[in-house]
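So the chains spell out like this:
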Amino acid sequence: MFVELFIANALLVPLIVVPIVTLALGALVGIFVFRIIQGKKIDDSKKSADKILAEAVAKSQSISREAQLKAQEEVLKLRQVFDGEKQEYEKDLKERRSEISQNENRIRQKEELLDRKDQSLEAKLDNVEKAREKLKVSEDALVVKEQELAIASEKALGELERVAKLTQQEAKVELIAVIEEDAKIDAAKMVRKLEEDAKEEANKKAKEIVASAIQRCAVDHSSEITVSVVPLPSDEMKGRIIGREGRNIRTLEQATGIDFIIDDTPESIVLSGFDPVRREVARITLERLIADGRIHPTRIEELAEKTRKELDLQMKEAGETASFEAGVFGLNAEVVKLLGRLKYRTSYGQNVLKHSLEVSYLAGLMAAELGADVAVAKRGGLLHDLGKAVDHEMEGTHVSIGVELAKKYKENEKVIHCIAAHHGDIEAKTLEAILVQTADAISGSKPGARRESLDAYVKRLEKLEEISNEFKGVEKAFAIQAGREVRVIVKPEVVNDASMVFLAKDIAKQIESEMQYPGQIKVHVIRETRSTEYAK
């Protein structure tokens, strides 16, 4: 048993030992081979390092050579720049030296010239002294000559007085008269020239004067055309119209758009407003309230509305009646209403609707006599003041407003032109327009048309002629155009062309100081030429 184990172990030993030995040998061989390989790598690395080092040395040497070459090039460039600047500096220095030399030469020449001038001046001074001596001698001789001339002048003056049979003082007076006459002629020419020059600014100045006149007379004019007075049965009615805490009068003003003025005036109330239609509505409403006796806000509003409707109907009927009486048909319904509004519009005391009818009649009659278009003349005359119906509501003159309304309602172009030209705002280009313009002037300027009695009218015309005839040189004087113009015929042998200007001004000033008249009066002095002046 023991032997078997021993044999078995003996057999197992070689199996264990052999692999171990084999492994040990393999490890030794591997270590040896590794060392050989590692040594070879180290040698390769050393060779590579030596090669890199050699390349780096060669490259550094190349860079060093390039740097040296660049440095040498820079040095050459700097030398070239320095040499160029040096040459420029030397050139500039030479030029400056040359310029200094030239200046020195100029100064030297000027000094020599001044020396010569100084010598010449001294010589001239000597000549001046000599001339002074000669002048003194001449002055003495001149004094003697003046004395001789004075004696001769006195003798000549005495001889002239003897021949002319005029003393020296009389001759002066006559000479002054001649000079004054010449001065008047020159002054008249200058005045005429100044007037012609002033015409360029005439339009602007005229507008300013008209605006100033309107401002000055606006109070009287407004009180004349914008106020209505309603009589009351008693002063107790004023309290009822005012109402509790003023509610009735406030309602009246709101409903009619008119101011109700209640003051100390006994048994009357003043209605103030620029719209004549509203003022008429307020007047009729107040009269009906007084007659009815029931005065409270509801009744006031009810009557005001009712009155307004009735008045609209009356205005329409008035427009239709006017167009029928004038023989003008085919008017737009709105134009008829506007014509009816003119019934409550006044101008200088004239009822505008009646004035329009009269202009239509006159224009139609003249058109028939002259062979013009009667229908256009009548229509233009009836509508020429159409703008006055709404001139308190729209901006502009009644002419421009009338033209705008006529265009709006498709009126004939000829009729529109009659409206536009009836006050001379534009030049009348048709016979019908001229006829309407003439008819308007006739209707507005005839006696009694503008609250002027016939007696006052005649007296004004006589006064105009009387004032004009008082002036020296006036042969005849005629007041025409209803006293808007006075024509003065002068004697040509007494009044010359130049003095006509002053005569016209003197007559105008005399009229202004002695007379009162509306608008303006043209003073027209007539000789061979005509001079015009206005008394404003």
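A quick note: this is a predicted structure, and the numbers were derived from the prediction, not measured.

Next up on the list: helix α9 (residues 352-370). Here α9 is 19 residues long and its end C-alpha atoms lie 27 Å apart, about the 27 Å a rise of 1.5 Å per residue gives. Residues of α9 that are buried: Val 352, Leu 353, His 355, Ser 356, Leu 357, Val 359, Ser 360, Ala 363, Gly 364 and Ala 367. Just beyond α9, the residue with positive phi is Gly 371, at close to 80°.

Opposite charge on two side chains permits them to pair, given that their charged atoms come into close proximity. On inspection of all chains with the given rule, the structure shows 14 salt bridges. A salt bridge links Glu 310 to Arg 288, with the nearest nitrogen and oxygen atoms 2.5 Å apart. Here Glu 310 is found in helix α7 (residues 297-326), whereas its partner Arg 288 is found in helix α6 (residues 276-292), with 22 residues between them in sequence. Using a relative accessible area of 26% as the deciding quantity, one classes Glu 310 as partly exposed. With its nearest N and O atoms 2.8 Å apart, the salt bridge here joins Arg 379 to Glu 411. Highlighted residues: Arg 379 in helix α10 (residues 374-383) and Glu 411 in the loop between α11 (398-408) and α12 (413-421), separated in sequence by 32 residues. By relative accessible area, which is 17% here, Arg 379 ends up buried.

A few words now on a negative patch on the surface. Side chains of Glu 111, Glu 112, Asp 115, Asp 118, Glu 122 and Asp 126 sit close together on the surface and give a patch of like negative charge. With respect to the helices, strands and loops of the structure, Glu 122 is situated in helix α1 (residues 2-164).

Conventions adopted
Residues numbered from 1 in each chain as written. Predicted model: local features only at pLDDT ≥ 70, side-chain atom pairs only at ≥ 80, totals over all residues. Heavy atoms only, no water. Helix = DSSP H or I, 4+ residues; strand = E, 2+ residues; numbered from the N terminus. Expected span 1.5 Å × (residues − 1). Buried < 20%, exposed > 50% of the residue type's maximum accessible area, 1.4 Å probe, protein only. Salt bridge = Lys/Arg side-chain N within 4 Å of Asp/Glu carboxyl O. Patch = residues over 30% accessible without salt bridge, like charges linked within 9 Å, V, L, I, M, F, W, Y side chains within 5 Å. Areas by Shrake-Rupley, 256 points an atom, 1.4 Å probe, with all protein chains shown as cover. Lys, Arg positive; Asp, Glu negative; His and termini not counted. Charge placed at Lys NZ, Arg CZ, Asp CG, Glu CD.

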